[in-house]
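Below are the chains, spelled out letter by letter.
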Amino acid sequence: TWSWAVLPTWRGTVFAEATHPPVWWVVTRLWIEAFGDSEAALRAPAALVSVLSMGLAWLLAVRLLDPAHQPIRGGFPRTPDDGRGRTAAVWATGIFALSSYLVEYAQEARMYAALLLETLALCLLYLRWLDRQDRLSLSLYALVGALALYTHYFGVWPIVAHAAHALWLGA
């Protein structure tokens, strides 16, 4: 990561690696310029993004597990559960925070933690669109989707999953 972020020119950083899109290299370059290039500094952006991911994971868990917050469309059961959904959301967030995946990628100076944050944001925006069916939700989804695709090519998978669900709803 360091070697791509400290290339002599910005153009070199943007086009540093043919197998990964440029967003994380640009973020790392900006971070290095502001905070230096120590090992801790290089790992800090992923750690900060992982902390933000825990907040989005909680919001997503509430949206999916608490019937009072589930989308109107999409096949989600909306029967009252006496608060068990919110309790399940707290447990799900705790399990998420302790997952080996999150812990591992929160410590790496790579783009995987950012992709996780973007994926969670895409899921929340998709659920928002299911409720509102508005252009703002779709515009924000497109913006975050583009950011995810420029972070890592695996960003296509949540987009494909949401498109498949939308097609299923339309059938």
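Located above this text is the structure these notes cover.
Report on the accompanying structure. Computed from a prediction, not measured in an experiment: that's the story for all the values here.

### A closer look at the environment of W24
Looking at the element boundaries, W24 is found in helix α3 (residues 23–35). Polar side-chain contacts of W24 include one of 3.4 Å to the backbone oxygen of R110.

### Thoughts on the packing of aromatic side chains
Counted by the stated rule, this structure contains four aromatic pairs. On the basis of an interplanar angle of 65° and a centroid distance of 4.7 Å, the ring pair of Y101 and Y105 is categorised as edge-to-face. Of the two residues, Y101 and Y105 are both situated in helix α6 (residues 100–106); the distance of four residues between them amounts to about one turn of the helix. Residue classification places Y101 among the partly exposed residues on the basis of a relative accessible area of 39%. Judged by its relative accessible area of 24%, Y105 is partly exposed. Centre to centre, the rings of Y105 and Y112 are 5.0 Å apart; their planes meet at 55°, and the pair counts as tilted. Given a relative accessible area of 22%, Y112 falls into the partly exposed group.

### So, helix α5 (residues 84–98)
For α5, with 15 residues, the first-to-last C-alpha span of 21 Å sits near the 21 Å given by 1.5 Å per residue. Among all positions in α5, only G85, A89, T93 and F96 are buried. The buried residues of α5 occupy an angular sector of 85° when the element is viewed end-on, so they sit on one face. Of the exposed residues in α5, the ones pointing more than 90 degrees away from its buried face are R84, W91, I95 and L98. In the core, the buried residues of α5 are packed alongside α4 (39–65), α6 and α7 (112–132).

### A closer look at unusual backbone geometry
Phi is positive for Q133, close to 50°, though the residue is something other than glycine. Note that Q133 resides in the loop between α7 and α8 (135–151).

### A word on the nonpolar core
Residues W24, L56, L60, F96 and L120 are the most contacted members of the largest nonpolar core, which totals 29 residues. Sorting the residues of this core by element identifies α3, α4, α7 and α8 as the ones contributing at least two each. Ranked by residue count, the leading element in this core is α7, at 15 residues. Excluding residues that lie within four positions of it along the chain, L60 makes contacts with L120, C123, L124 and L127.

Calculation rules
Residues numbered from 1 in each chain as written. Predicted model: local features only at pLDDT ≥ 70, side-chain atom pairs only at ≥ 80, totals over all residues. Heavy atoms only, no water. Helix = DSSP H or I, 4+ residues; strand = E, 2+ residues; numbered from the N terminus. Polar contact = N/O pair within 3.5 Å; in protein donor to acceptor, adjacent residues only side chain to side chain. Phe/Tyr/Trp six-rings, centres within 6.5 Å; stacked < 30°, edge-to-face > 60°. Buried < 20%, exposed > 50% of the residue type's maximum accessible area, 1.4 Å probe, protein only. Expected span 1.5 Å × (residues − 1). Arc of directions from axis to C-beta. Contact = heavy atoms within 4.5 Å. Core = buried A, V, L, I, M, F, W, Y, C linked by side-chain atoms within 4.5 Å.

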